[in-house]
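Listed below, chain by chain, are the residues.
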Amino acid sequence: MIRIVAAFGLCALSLIPLVWMVATSFKPPAEYVSTSIALWPQDPTLTHYRVLLDGGMWRLGLNSVVVALGTVGLSLLAGLPAAYALARFQLPKRFDIVFLGFVLVIKLAPPIALAIPLYQVLRALGLLDTHLGLILANQILALPFAIWMLLGFVRDVPYSFEEAAMLDGAGFLKRLLEIVVPLLMPGLVATAVFVAIMSWNEFLFALLFIQTPSKFTLPAFIATLINEDETLWGKLSAMGLIASLPVLFAVGLVRRGLTREVSVDQH
Amino acid sequence: MTASRRLLPWLLLTPALLIFAGLTLYPLGRTLALSLFATDYGFENAKFVGLENFRELWDSRFFRQAVTNTVLFTVVSTVLEVAAGLGLALLLDRAFPGRTLIMTLLLAPFVLSTMVVTAIWRAWFHFDLGFLNNLLRTVGLPGVPWLFDPNLALWSIVLVDVWQTAPFAFLIIFAGLRLIPQDVYEAARVDGAGPWRRFRDMTLPLLAPYLFVAALLRSVDSFKLFDKVYAMTGGGPGQATETVSMFVYRQGFRFFDIGLASAAAVVMIAVAGLLAIVYAASLLKGAGR
Amino acid sequence: MRTMGKALGAVLMLAGLVLPAAAQDRLVIAGRDAGFAPALAKMVELYQAKNPNVKIERLELGGGPLYERLAVGAREKTAATDVAMLDDIWAPEFMARGWLTDLDTVGGLPGEFVKSAIDVSKHNGKLYAAPFVGNIAMFAYRKDLLAKHGFERPKTWSDVVKAAQTIQSKEEGVSGLVFRGIKGNPIVTSFLPVLWAHGGDVVSADGKAVLDSPAAEKALTQFLSFKALAPKGVETYNATELRDAIQQGRAAIAVEMWSSWAGTLDGSASKVAGQVEVVASPGEVKGPAPMLGAWLLGIPADSPNKARAADFIRFVTSPENQKLIALETGNPPTLAALFNDKDLVAKYRWYPAQLEALNVAQARPRISQWARVETILGDYLQLALIGQMQPKQALTEANAQIARALSR
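Residues numbered from 1 in each chain as written. Chains lettered and ligands numbered in written order. Predicted model: local features only at pLDDT ≥ 70, side-chain atom pairs only at ≥ 80, totals over all residues. Heavy atoms only, no water.

Explain helix α13 (residues 319-329) of chain C to me, and be specific about the residues and the numbers.
All names here are of chain C. Along α13, the residues classified as buried are Asn321, Gln322, Lys323, Ile325, Ala326 and Thr329. Packing partners of the buried residues in α13 comprise α2 (37-50), β6 (129-133), α12 (306-316), α14 (342-347) and α15 (351-359). Downstream of α13 by one or two residues, glycine 330 has phi in the positive range, about 80 degrees. (Buried < 20%, exposed > 50% of the residue type's maximum accessible area, 1.4 Å probe, protein only. Helix = DSSP H or I, 4+ residues; strand = E, 2+ residues; numbered from the N terminus. Contact = heavy atoms within 4.5 Å.)

Please provide a residue-by-residue account of empty space enclosed by the protein, values included.
Over the atoms a probe the size of a water molecule is rolled, and this reveals where empty space is left. According to the stated counting rule, one finds eight cavities of 30 Å³ or more in the structure shown. Reported here for the largest cavity is a volume of approximately 1200 Å³. In terms of lining, the largest cavity is formed by 40 residues, of which the most central are A:Met198, B:Phe110, B:Arg218, B:Asp221 and B:Lys224. The leading source of residues in the lining of the largest cavity is helix α9 (residues 195-223) of chain B, at five residues. A per-class count over the lining of the largest cavity returns 23 nonpolar, seven polar and ten charged. (1 Å grid on protein atoms, 1.4 Å probe; cavity = no way out; pocket = protein on both sides within 12 Å on 5 of 7 lines; lining within 4 Å. Points joined across faces, edges and corners; volume = space filled by probe spheres on them. Nonpolar A, V, L, I, M, F, W, Y, C, P; charged D, E, K, R; others polar.)

Hey, could you go over the domain arrangement of chain A for me, with residue numbers and the actual values?
Residues and elements named next belong to chain A. What the domain assignment lists for chain A is domain 1 (1-45) and domain 2 (47-265). Taken together, the eleven residues of domain 1 in the interface contact twelve residues of domain 2. Considering only the surface of domain 1 that becomes buried against domain 2, Met21, Ser25 and Tyr32 emerge as the three largest contributors, covering 53% of it. At the junction of domain 1 with domain 2, the criterion picks out zero salt bridges. (Domains from an automatic or database assignment. Buried area = accessible area lost by both parts, 1.4 Å probe. Salt bridge = Lys/Arg side-chain N within 4 Å of Asp/Glu carboxyl O.)

Now, about the packing of helix α5 (residues 114-125) of chain B against helix α6 (residues 131-138) of chain B: what can you tell me, with residues and values included?
Residue and element names in this part refer to chain B. Contact geometry of α5 with α6 gives a least axis separation of 4 Å together with a crossing angle of 35 degrees. Residues Trp121, Ala123, Trp124 and Phe125 of α5 form the contact with α6, whose own contacting residues are Phe131, Leu132 and Asn133. A per-class count over the contact of α5 with α6 returns six nonpolar, one polar and no charged. (Axes fitted to C-alpha atoms, helices over the stretch in contact; angles between N-to-C directions.)

Could you give an account of the side chain of A:Glu162, naming the residues involved and the relevant values?
Here A:Glu162 is to be found in helix α8 (residues 159-167). On the basis of relative accessible area, A:Glu162 is assigned to the buried category, the value being 0%.

Below, the structure is given as structure tokens:
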């Protein structure tokens, strides 16, 4: 009993900041620029949302969606074949170990450490200030993660299925697409969702590589609001809530997958 | 057949290899090379200075302070997050009505964008109008200068980090806890071991590898700390919350002292490499068991 | 398979989406946030109404982030900005490096501007920017409170300290003074008038670092003594906090009062309307040297829409719009004649005095490394302010770092 009360209590405590954000997004400025500790708005208003929508905020949301989709697509397209190759083939000279070690270093390396030369790479490709450039840069975070995670899932697909198909004369591509991918689907979906969340929340590269305001992603725009020396808490909260709903929804979808990711990390 | 069979894995690895080559290997090499030059941009007009940039880092009060802050932040936030994660995992280990819901809700802070998290907490930490100080004043306590006391600011950011990422540590530890076979406990119970002894002698040793991995992954992440500091304090007051990532950012994108910034980046990558080795060793050990 | 197909589709769709848009009549304006934002917002609104087919985007940023974005954009030639709002202290770097468009190549700029503001917009005789906000650092005090305790307008910084001490000890809930203590540009601009008044400087006329002087040490020691007279938390104060402290009657003296903040002093949100006197900064061993803080509008050299940008800049700096900005947003104009405009003087009683100050205003060192020098000085000033470093040590180390920055 104590356990249940404690669990609910802790959970409520950790959610207060979120409740505050939701409530503040509906408060007129006079209510949050005050010394009151009332969480719920007395005089709810939709002004902040209206201001954001009139300000073309949907456009920024669309940018975030485009970047997230692109990041997911590219990381799966490059990550799945790589994970398959590492799991199924004997590579010479322990190349797989070297490769995975390198993937690990990239996964752990601070993005800022690569940011300066990346700037030059993206400029050389003519991709500065484009979503495609940001999608490429995001691969630094997404691809190691996708390979790492998919590797575990591919290893879990019994090779005997493929061997059976091979006896039937199925070619490699047919095997991959008709046997491995369907069996991998839960893993692919989980990976996709994590990469999408990662990209949705990514800030540093968006700050550095996107210059035109109408191409900003949501976190990059939120940062410009935070840096103002004013207390725009209502607008920020509304913005924060809109930016958070998709990920909160996604986490509800894949909570089981989250535990799974962790056990993959254990491999 | 055999030739194509030998080529196939390479073909499959090609997209990933291309991306890594262009977006990580080349930048890594360039960073390494740039760290040996005095330059405000690329290699045009660059002056070779050998290890001068590293010596300058070593002498720089701001870099040393950034390293100290980063290490302090990493150690303290990691310990707190693992402890909180362990507590939560033990609390939720036994099934009860509503547990699934609670687990999902607990994960919420972890998946939020750091910018959203920062927006919330910056408002909460506001000295005159922030929620936390309003709360303190309501119960008759004086307000706390969360972000402008140089002795406190770093710990305020630790607080935010623990709130945001303790759920991640929880996930790992919880997964480990589920894997402990129940019969181990049965045997202990038969032997008459109390709950504390069971925890100390059974649970803790069996969980140790998971605690270790949680700590390692959290410390790797804390070591990169940038977003929160950038938007919450800008590294201030004074240098109280300056981190190595912030240092690289300022030298690189504000001062365009690209040589010095690259040298600091090389130091960071070296540390990341070391952590990767530790991590890989722990994974291999885990696989061997 | 279907996921893969969809993913592929998404990537293709993206490729379509990210193709460079066809050349269009576009205007991307990068400007400051806070008190400056309403001025540009108003101008964009009016300009858009007159030119409905132009696609206008406006970005609001703090001073530091704006500098970073503009400088990185100029170095990388991202062509992402058409109109850039520049602090006059960044202008030498932007002009010397060829990052701005010579305005005379895109139709020129009419109008009689305040001399000090047009001076900082020129490089080698060419005009690279339009003075947009004629800001100048003034000094403000509560005449009622000072009079009550027997003080007149402070002539020196020592007078300021005396008055602040008395008021702080006798008036409940009122701090003696307030300044901007947050690191970076704010703490530096707070400190410079004090430094100059003591006869010190950061960089000499011939471009040497000269901060390790006895005069600078005296100035810093005095500046640090301000902290005990200021509200708690002054280390994090920026413009908004300073203005609130004065308007809510929580502080008696503002060490600096930029004219663009003064606009609301007599407004409805102010509890001290009519009681705040805005004057030139005090002196000390030297007379006062008002500090110029003009904001300029320039066209980045890589802008693909220079003609449109120039048209917008001429629109914004026209007499009627400069007057409108001043009346509606409190940002002071840069056209000399407007400071004696009768509507404006009726609203802002200090404008004629401000014009005089502007005419003799001292610009901050015109060196292309100023952004970096300022950051270094700001870091060390704050270390001294929060008590982690002695004044002499802070100045010596800052001087060494500045010397290094200047040599690069």
